[in-house]
Amino acid sequence: MRSGNPALKESTFLDLASGSVVSRDGQAMTLNGTVNKTGFLLLLTILTAAFAWSQVEFGPDGRPQPGFGIYMWGGLIGGFILAMVTVFKKEWAPVTAPAYALVEGFFLGAISAMYNFMYEGIVLQAVMLTFGTLFALLFAYRTGLIKATENFKLGVVAATGGIALVYLATIVLGFFGVSIPLIHESGLVGIGFSLFVIVIAALNLVLDFDFIETGVEQGAPKYMEWYGAFGLMVTLVWLYIEFLRLLSKLQSR
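Remember, it's a predicted structure, so these values are computed and weren't measured experimentally.

What counts and what doesn't
- Residues numbered from 1 in each chain as written.
- Predicted model: local features only at pLDDT ≥ 70, side-chain atom pairs only at ≥ 80, totals over all residues.
- Heavy atoms only, no water.
- UniProt positions renumbered as here; feature names shortened; annotations may be inferred.
- Helix = DSSP H or I, 4+ residues; strand = E, 2+ residues; numbered from the N terminus.
- Axes fitted to C-alpha atoms, helices over the stretch in contact; angles between N-to-C directions.
- Parallel < 35°, antiparallel > 145°, perpendicular 65-115°, else oblique.
- Left-handed = near helix turned anticlockwise from the far one by under 90°.
- Contact = heavy atoms within 4.5 Å.
- Nonpolar A, V, L, I, M, F, W, Y, C, P; charged D, E, K, R; others polar.
- Buried < 20%, exposed > 50% of the residue type's maximum accessible area, 1.4 Å probe, protein only.
- Phe/Tyr/Trp six-rings, centres within 6.5 Å; stacked < 30°, edge-to-face > 60°.
- Expected span 1.5 Å × (residues − 1).
- Polar contact = N/O pair within 3.5 Å; in protein donor to acceptor, adjacent residues only side chain to side chain.
- Salt bridge = Lys/Arg side-chain N within 4 Å of Asp/Glu carboxyl O.

Student: Would you mind going over the UniProt feature "transmembrane region" (unreviewed entry) in the protein in detail, with residue names and values included?
Tutor: According to UniProt, the "transmembrane region" (unreviewed entry) feature falls on residues 39-56, 68-89, 95-115, 122-142, 154-176, 188-207 and 227-247. Span residues 95-115 is 100% helix and 0% strand, its end C-alpha atoms 31 Å apart. Across residues 122-142, the secondary structure splits into 100% helix and 0% strand, with the terminal C-alpha atoms separated by 30 Å.

This is the structure:
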């Protein structure tokens, strides 16, 4: 039950006191329920993203006008806080997961508007690539073309942790005016790094599918449908942002 997604980990479906699977008769997690809730969270995200997009403006010099920072940083920080609350209080997911989707939508709308201003049409490409990857990986998983074996899971989790450390180092060094060379630039190394990150993000979808399926088979409680949908949203947001980064590098060459 290993997953590279920090929202979906081994103990998610377990009762912390007894270590056994938490389940209630007639109120168990279902696959259809999780799919429906994922669709609902996506709808909420799209609504607030569209609103933020419509409100964001850029000056003739390309600089964002006042209000951009509120949507971008407010959405980013608010989404992070709600994500942490959901991870540690998964029984709150029926409330915190929709709230996360709404708040994260403001961030995605603002950053998407910025990328689209710099590279017109890039957002539509990133959206199509994100959902194309989602359905392709879902098909591969359901048909058995890709199997979430223990070695597969271990490799994806290790790679995800390595990427997280690189991004953490980038943020910390950024406070001191230092940047990691090459990997965030539009050269071949930077493009190769983005491709690697996208592959790992996509493979995390496979782990998420497997994890949700395991919860359904073990009869996890009903609120875990919201939690499973939230976990998928976290991976999809990551994948979308990485596609934006890759496409921007390609178009800036």
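Back to the write-up after that little detour.
Student: Explain the packing of helix 5 (residues 150-174) against helix 7 (residues 224-252) to me, using residue names and the numbers behind them.
Tutor: Running from amino to carboxyl end, helix 5 crosses helix 7 at an angle of 60°, the nearest separation of the two axes being 15 Å. Judged on the interaxial angle alone, helix 7 and helix 5 are oblique. At the point where helix 5 passes helix 7, the crossing takes the left-handed sense. Seen from helix 5, the contacting residues are T160, I163 and Y167; seen from helix 7, they are W238, E242 and R245. Counted by class, the contact of helix 5 with helix 7 contains three nonpolar, one polar and two charged residues.

Student: Describe the side chain of T38, and please don't skip the residues or the numbers.
Tutor: With respect to the helices and strands, T38 occurs in helix 1 (residues 31-55). Looking at T38, the relative accessible area reads 8%, which means it is buried. Residues in contact with T38, not counting those within four places in the same chain, are A229 and L232.

Student: Tell me about the packing of aromatic side chains, and name the residues and values.
Tutor: Think of a pair of aromatic rings as described by two things: how far the centres are apart, and how the planes are tilted against each other in angle. Considering all chains together, one arrives at 10 aromatic pairs under this definition. Geometrically, the ring pair formed by F58 and F68 is tilted, given 5.9 Å between the ring centres and 55° between the ring planes. On the criterion of sequence distance, the pair formed by F58 in the loop between helix 1 and helix 2 (68-88) and F68 in helix 2 is long-range, its members being 10 residues apart. F68 shares its class with F58; the two are buried. Plain terms: the ring middles of Y227 and F230 are 5.9 Å apart, the flat faces sit at 50° to each other, and that makes the pair tilted. You can see Y227 and its partner F230 sitting in helix 7, three residues apart, about one turn around the helix.

Student: Account for helix 1, with residues named and values stated.
Tutor: Between its terminal C-alpha atoms helix 1 stretches 37 Å, which fits the 36 Å expected from 25 residues at 1.5 Å a residue. Taken together, the buried positions of helix 1 are occupied by G33, T34, K37, T38, L41, L42, L44, T45, T48, A49 and A52. Buried residues belonging to helix 1 abut helix 2, helix 3 (93-118), helix 4 (122-142), helix 6 (188-217) and helix 7. Sitting at the amino-terminal end of helix 1 is T30, which places a side-chain oxygen 3.0 Å from the backbone nitrogen of G33.

Student: Talk me through the pattern of salt bridges; I want residue IDs and the actual numbers.
Tutor: Side-chain pairs of opposite charge can arise where the charged atoms are in close proximity. Scanning the entire structure with this criterion turns up six salt bridges. Note that E150 and K153 form a salt bridge whose closest N and O atoms lie 3.6 Å from each other. On the criterion of helical spacing, the pair formed by E150 and K153 is a turn pair, its members being three residues apart in helix 5. By relative accessible area, E150 is classed as partly exposed at 44%.

Student: Explain the packing of helix 5 against helix 6 residue by residue, including any values.
Tutor: Put simply, helix 5 and helix 6 touch, their axes get as near as 10 Å, and they point 130° apart. Between helix 5 and helix 6, the angle falls in the class oblique. The handedness of the crossing between helix 5 and helix 6 is left-handed. On helix 6, the residues touching F152, K153, V156, V157, A159, T160, I163, V166 and Y167 of helix 5 are F193, F196, V197, I200, L203, N204, V206, L207 and D210. Of the residues that constitute the contact of helix 5 with helix 6, the class distribution is 14 nonpolar, two polar and two charged.

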